[in-house]
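Here are the chains, one letter per residue:
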Amino acid sequence: IPFQFEQLSILGFHLFSNYFLSPRVRFGLVCFSFVLLTQGIPTMNFGRAPIYFDELHNVRIMEADSFKQNEQLQEECNTFIERVKHFTDGITTIVDAMSANAEKVEAQKRKVLGLRNKVKAEEEQRMRRKTEIEASIAEEEAELDRLQVDVWPFGI
């Protein structure tokens, strides 16, 4: 049986005076309300928000089933949040490892590029050296031919 607050207003209480009452008086009011509500489901409807009493006679603003469902939902949400945190930690670890590997790869890439540039420079230097040696050989052969012509005018 829903209990309307107006029924308590006969005793001189109204909704807003609850905020200004001492805890002892409020407790007495709640106990008095509970005694009046012992028949059926104990609820009081203070205008828009009904008040319920659970098995332990605690004051609730939700029905016991809704309260239990909300507690279960809260536990599931906390479990989900923990899983997401664990997942985020795992992802962070993976990203950090990948970043460290990426830095190593970039260092190796720079090293390889430097070695490749050295090899190209060495090839170019060898080509220049080969050209110089060929030019030197050509000069020496020309000198040899000139000397052979000078020494042996008749070419034996």
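Everything below is about the structure shown above.
Residues numbered from 1 in each chain as written. Predicted model: local features only at pLDDT ≥ 70, side-chain atom pairs only at ≥ 80, totals over all residues. Heavy atoms only, no water.

1. Focus on the overall build of the protein
Scanning the protein from terminus to terminus reveals 3 helices and 4 strands. Written out in order from the N terminus, the α and β elements of the protein read β-α-α-β-β-β-α. Residues classed as buried in the protein amount to 11% of the 156 residues present. At a minimum sequence separation of 6, the contacts of the protein that also span at least 24 residues come to 31%. As displayed, the protein offers around 13,500 Å² of accessible surface, 61% of which is attributable to carbon and sulfur atoms. (Helix = DSSP H or I, 4+ residues; strand = E, 2+ residues; numbered from the N terminus. Buried < 20%, exposed > 50% of the residue type's maximum accessible area, 1.4 Å probe, protein only. Contact = heavy atoms within 4.5 Å. Areas by Shrake-Rupley, 256 points an atom, 1.4 Å probe, with all protein chains shown as cover.)

2. Here we look at the pattern of salt bridges
In the structure shown here, the tally under the stated rule is 4 salt bridges. The partner of K109 in a salt bridge is E106, with the nearest N and O atoms 3.6 Å apart. You can see K109 and its partner E106 sitting in helix α3 (residues 64–151), 3 residues apart, about one turn around the helix. The exposure class of K109 is partly exposed, given its relative accessible area of 45%. Given a relative accessible area of 36%, E106 falls into the partly exposed group. Of the charged contacts in the structure, one is a salt bridge between E132 and R129, with a shortest N-O distance of 3.8 Å. Pair noted here: E132 and R129 are both in helix α3, with a separation of 3 residues, about one helical turn. By relative accessible area, which is 48% here, E132 ends up partly exposed. (Salt bridge = Lys/Arg side-chain N within 4 Å of Asp/Glu carboxyl O.)

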